[in-house]
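Observations on chain architecture
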Amino acid sequence: MHLLDHINPFIVAVISGKGGVGKSISTVNMATMLNDMGYKVAIIDADLGLSNCATMFNKTVPFNVCHWIINRCSLEDTIQDINGITLVTGANDPTDLKIDTGIIMDALDQIVHSLSSNHDFILIDTPAGAGEMSLWALDTAKLGLCVLVDEPTAISDAYRLIKYVLSIDPDYDFGSIVNFAEHEEDALSTIERFNTILSHFLQRECTYLGFIPDHAYVRNTVKKQTTLLGMNPENPINNEMEFIVQNIISTSNTLEQSQPQLAYFNL
């Protein structure tokens, strides 16, 4: 098994300003590619009540973190193994959200601690926007990976999210991938325009980590509830996901591992 150049797992919060940009698709496929490369990977689906990661794998969720909180299961029961990838779901039904969010975040902290001993990467799939769970994920992670699409409201909402996070921690590290791009030039144009806005107003930029093509092959994987690799390991679109993952690996070995960046609980 591959091991990173640091002891702790590299934790990535997959974020966006608005919904529907493909965070879950991105998270599941990044995890699958990392796993295929020999890394031990965990996904935490923190989109409470609207979780999709298990669905992307065509799996059901027998127990989630909210079940553990109310003693319906053990911590170990919340951890699913899906073809070598660890999946933990925060809450997969809106009825679970009667539990206080602060209690759920405390439970997720314990989940992260448990997973940290035997995983190289932890990917946290977040709700859209700057709500409590997204801030918890960013607080926990070393990198905020923003999923962008070339659509004005998505760009505007992503800018507002990053602006808010930087108002808390001006040094927070962000990367970005572009989803639904027709080709690489399209993706580069999107990130260039986004970084122009960030640079002008915030004196910051998002590191470009790659793109996911707007292609029938990708859409078919969603319909069939499988991954890019699972559908066809030889399809050249997998090369784009491998490029993204290689950049994440490089970033993980560049950024110094430290305590969570955001002073979330002091807000």
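Residues numbered from 1 in each chain as written. Predicted model: local features only at pLDDT ≥ 70, side-chain atom pairs only at ≥ 80, totals over all residues. Heavy atoms only, no water.

**Observations concerning the overall build of the chain**
For the chain, the helix and strand inventory stands at ten helices and eight strands. For the chain, whose C-alpha radius of gyration is 17 Å, the value lies close to the compact-globule estimate of 18 Å for 267 residues. Summarising its shape, the C-alpha atoms of the chain cover approximately 50 × 45 × 40 Å along the three principal directions. Here the chain, with 267 residues, has 55% of them falling under the buried criterion. Counted over contacts in the chain with a minimum sequence separation of 6, partners at least 24 positions apart contribute 79%. Of the side chains in the chain, 14 bear a positive and 33 a negative charge, and the two mean positions are spaced by 7 Å. (Helix = DSSP H or I, 4+ residues; strand = E, 2+ residues; numbered from the N terminus. Rg over C-alpha atoms; globule rule 2.2 N^0.38 Å. Buried < 20%, exposed > 50% of the residue type's maximum accessible area, 1.4 Å probe, protein only. Contact = heavy atoms within 4.5 Å. Lys, Arg positive; Asp, Glu negative; His and termini not counted. Charge placed at Lys NZ, Arg CZ, Asp CG, Glu CD.)

**Quick notes on the confidence of the model for the chain**
Confidence along the chain averages 92 in pLDDT terms, with 93% of residues attaining 70 or more. Overall, residues 263-267 carries pLDDT values under 50, and its contacts beyond four positions in sequence, including any with other chains, amount to twelve contacts. (pLDDT = per-residue confidence, 0-100.)

**Describing the pairing of strand β1 (residues 10-15)**
Buried residues dominate β1, accounting for six of its six residues. Judged by which residues are buried, β1 turns out to be covered on both faces: F10, V12 and V14 on one side and I11, A13 and I15 on the other are all buried. As defined by bridge partners, β1 adjoins strand β5 (residues 121-125) across five bridges and the pair is classed as parallel. Within the sheet, the bridge partner assigned to A13 lies in β5 and is I124. (Pairing = 2+ DSSP bridges.)

**Notes on the environment of I162**
Checked against the element boundaries, I162 lands in helix α6 (residues 152-168). C-alpha separation for the pair I162 and L123, spaced 39 residues apart in sequence, amounts to 19 Å. Excluding anything up to four places from it in sequence, I162 contacts C146, F174, F194, L198 and C206.

**Notes on the sheet that holds strand β2 (residues 41-45)**
Spatial strand order, β3-β4-β2-β5-β1-β6-β7-β8: eight strands in an open sheet with mixed pairing. The open sheet has two edge strands with one neighbour each: β3 (79-82) and β8 (207-213). In this sheet, neighbouring strand axes are inclined to one another by 25° on average, regardless of whether the strands run parallel or antiparallel. Two strands pair when backbone bridges link them, and β1 and strand β6 (residues 143-148) are joined in this way by four bridges, in the parallel orientation. Bridge pairing in β6 links V14 to L145. Relative to the sheet, helix α1 (residues 23-36) contacts β1, β2, β4 (85-89), β5, β6, β7 (174-181) and β8, its axis offset from that of β5 by approximately 165°. Packed on one face of the sheet, helix α7 (residues 184-202) meets β6, β7 and β8 and runs near 135° to β7. (Axes fitted to C-alpha atoms, helices over the stretch in contact; angles between N-to-C directions.)

**Comments concerning a negative patch on the surface**
Together, D100, D106, D109 and E132 give the surface a local cluster of negative charge. For D109, the position within the fold is in helix α4 (residues 101-116). On the basis of relative accessible area, D109 is assigned to the partly exposed category, the value being 31%. (Patch = residues over 30% accessible without salt bridge, like charges linked within 9 Å, V, L, I, M, F, W, Y side chains within 5 Å. Areas by Shrake-Rupley, 256 points an atom, 1.4 Å probe, with all protein chains shown as cover. Salt bridge = Lys/Arg side-chain N within 4 Å of Asp/Glu carboxyl O.)

**Regarding the side chain of T27**
Counting through the fold element by element, T27 comes out in helix α1. At 2.8 Å, the side chain of T27 and the backbone oxygen of K23 are in polar contact. For T27, the contacting residues outside a window of four places in its chain are V14, I43, L123 and D125. (Polar contact = N/O pair within 3.5 Å; in protein donor to acceptor, adjacent residues only side chain to side chain.)

**Let's talk about empty space enclosed by the protein**
Across all of its chains, the model carries one cavity of 30 Å³ or more by this definition. Counted as a void, the largest cavity has a volume near 30 Å³. Surrounding the largest cavity, I25, V28, N29, M56, T221, V222 and T226 form its lining. Residue assignment for the lining of the largest cavity shows that the elements contributing at least two residues are α1 and α8 (216-223). The biggest single contributor to the lining of the largest cavity is α1, with three residues. Of the residues that constitute the lining of the largest cavity, the class distribution is four nonpolar, three polar and no charged. (1 Å grid on protein atoms, 1.4 Å probe; cavity = no way out; pocket = protein on both sides within 12 Å on 5 of 7 lines; lining within 4 Å. Points joined across faces, edges and corners; volume = space filled by probe spheres on them. Nonpolar A, V, L, I, M, F, W, Y, C, P; charged D, E, K, R; others polar.)

**Considering the packing of α1 against helix α10 (residues 238-254)**
For any two helices packed against each other, one specifies the crossing angle of their axes together with the interaxial distance. For the pair α1 and α10, the least separation of the axes is 9 Å and the interaxial angle reads 80°. It follows from the interaxial angle that α1 and α10 lie roughly perpendicular. Along the contact surface, α1 presents N29, M30, M33 and L34, while α10 presents N238, M241, E242, I244, V245, I248 and I249. Residue composition of the contact of α1 with α10, grouped by class: eight nonpolar, two polar and one charged. (Parallel < 35°, antiparallel > 145°, perpendicular 65-115°, else oblique.)

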